[in-house]
Amino acid sequence: MSKKLGLEGKILDVAYKQFLQKGYRHTTMDDIALDLGMSKKTLYKYYPGKLELLSASFQVLKTKLTAKVEAILDNRHLSFPLKLKSSLTVVATHLAPINPELFEDLREYAPEIWEALTEYINESAYLRFAKLIEQGIAQGLVNPRINVCLIVMLYAAAIQALLDPKFYSQFPESIQKGLKIPASDIYDQAISIIYNGILTEEARNEFINA
């Protein structure tokens, strides 16, 4: 049984890497079998098709993400700022490799998986994030005048928009070229801008006192 589970894990790992590199549409069962060094017939014994492989791959992703975020939030030895940064970093680390092209493929060719993934992100990752912000307010570390839902939605909207090709295709080419940075940097800088602002400390003090 453990040997079978080990092989299934390897299959999912290889398949997920293929999906990230080529997108869903351009990845084939032949590609995955070749990368695994097994026949396509053997691969079909474990997963009946590409769609099932994709679904199982994202289920593994969601399970890992949930476990890591919950471990951070439940850690009583971490301060609020460290919990905030660590949880956002974990989410970014796991979602950043999913490039816009794969998201576009999911919406067009695997809509049920797309809906399940976005529902998970919205109902799980963002709800946990909202609870964390509420903890920060209770500890006097987050401005209580700022609406918690607005904080969460600003972050969510920024990330989803930056990963949506239809969103940034409306901007001038010079702006689009300027955003040709790694997805991990997009997440990191979006977090920094939202929670630290764009002003230097000196300018921030002047802005607050103006």
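Residues numbered from 1 in each chain as written. Predicted model: local features only at pLDDT ≥ 70, side-chain atom pairs only at ≥ 80, totals over all residues. Heavy atoms only, no water.

In the annotation of an unreviewed UniProt entry, the entry for the protein reads TetR/AcrR family transcriptional regulator, and the organism field reads Algoriphagus aquatilis.

Student: Just to check I follow, could you spell out the overall build of the protein for this structure?
Tutor: Assigned secondary structure in the protein consists of twelve helices and zero strands. When the elements of the protein are put in sequence order from the N terminus, they spell out α-α-α-α-α-α-α-α-α-α-α-α. Seen through its C-alpha atoms, the protein measures out along the principal axes to roughly 70 × 45 × 25 Å. In the protein, once contacts between residues fewer than 6 apart in sequence are set aside, the share between residues at least 24 apart is 66%. Here the protein displays about 13000 Å² of accessible surface, and carbon together with sulfur accounts for 57% of that area. (Helix = DSSP H or I, 4+ residues; strand = E, 2+ residues; numbered from the N terminus. Contact = heavy atoms within 4.5 Å. Areas by Shrake-Rupley, 256 points an atom, 1.4 Å probe, with all protein chains shown as cover.)

Student: How should the layout of surface pockets be read in this particular structure?
Tutor: Any empty space left between the atoms is revealed when a probe the size of a water molecule rolls over them. Computed from the structure, the second largest pocket encloses a volume of approximately 300 Å³. Lining of the second largest pocket is provided by 13 residues; of these, Asp 13, Tyr 16, Val 60, Leu 61 and Lys 64 occupy positions nearest its centre. Listing elements by their share of the lining of the second largest pocket, those giving two or more residues are α1 (2-22), α4 (50-74) and α5 (80-95). Considering every element that reaches the lining of the second largest pocket, the biggest residue donor is α1, with six residues. Of the residues contributing to the lining of the second largest pocket, the split by class is six nonpolar, four polar and three charged. (1 Å grid on protein atoms, 1.4 Å probe; cavity = no way out; pocket = protein on both sides within 12 Å on 5 of 7 lines; lining within 4 Å. Points joined across faces, edges and corners; volume = space filled by probe spheres on them. Nonpolar A, V, L, I, M, F, W, Y, C, P; charged D, E, K, R; others polar.)

Student: So what exactly am I meant to see when it comes to the UniProt feature "DNA-binding region" (unreviewed entry) in the protein here?
Tutor: The UniProt entry lists residues 28-47 under the feature "DNA-binding region" (unreviewed entry), expressed in the numbering used here. Helix makes up 75% of residues 28-47 and strand 0%, whereas the separation of the span's terminal C-alpha atoms amounts to 13 Å. (UniProt positions renumbered as here; feature names shortened; annotations may be inferred.)

Student: Got a minute to help me understand the packing of α5 against helix α7 (residues 111-138) in this structure?
Tutor: When two helices pack together, you describe them by how their axes are tilted relative to each other and by the distance separating the axes. Where α5 meets α7, the axes come as close as 10 Å, and the angle between the chain directions of the two elements is 165 degrees. Overall, the two elements α5 and α7 adopt an arrangement that is roughly antiparallel. The element α5 and its partner α7 pack so that their crossing is left-handed. Contact residues: α5 offers Phe 80, Lys 83, Leu 84, Ser 87, Leu 88 and Leu 95, while α7 offers Ile 121, Phe 129, Leu 132, Ile 133, Gln 135 and Gly 136. (Axes fitted to C-alpha atoms, helices over the stretch in contact; angles between N-to-C directions. Parallel < 35°, antiparallel > 145°, perpendicular 65-115°, else oblique. Left-handed = near helix turned anticlockwise from the far one by under 90°.)

Student: What should I look at first to understand a negative patch on the surface in this one?
Tutor: Together, Glu 112, Glu 115, Glu 119 and Glu 123 give the surface a local cluster of negative charge. Tracing the sequence through the fold places Glu 119 in helix α7. Judged by relative accessible area, Glu 119 falls into the partly exposed class, the value being 45%. (Patch = residues over 30% accessible without salt bridge, like charges linked within 9 Å, V, L, I, M, F, W, Y side chains within 5 Å. Salt bridge = Lys/Arg side-chain N within 4 Å of Asp/Glu carboxyl O. Lys, Arg positive; Asp, Glu negative; His and termini not counted. Charge placed at Lys NZ, Arg CZ, Asp CG, Glu CD. Buried < 20%, exposed > 50% of the residue type's maximum accessible area, 1.4 Å probe, protein only.)

Student: Please explain the nonpolar core as it appears in this structure.
Tutor: Burial of nonpolar side chains together is a common tendency in soluble globular proteins. Formed by 55 residues in total, the largest nonpolar core has its most connected members in Leu 53, Phe 58, Ile 98 and Leu 106. Broken down by secondary-structure element, the contributors of at least two residues to this core are α1, α2 (29-36), α4, α5, α6 (100-109), α7, α8 (148-162) and α11 (183-196). With ten residues, the single largest contributor to this core is α7. Leaving out residues up to four positions away in the same chain, Phe 58 has contacts with Tyr 16, Ile 98, Leu 102, Leu 106, Ile 113 and Leu 117. (Core = buried A, V, L, I, M, F, W, Y, C linked by side-chain atoms within 4.5 Å.)

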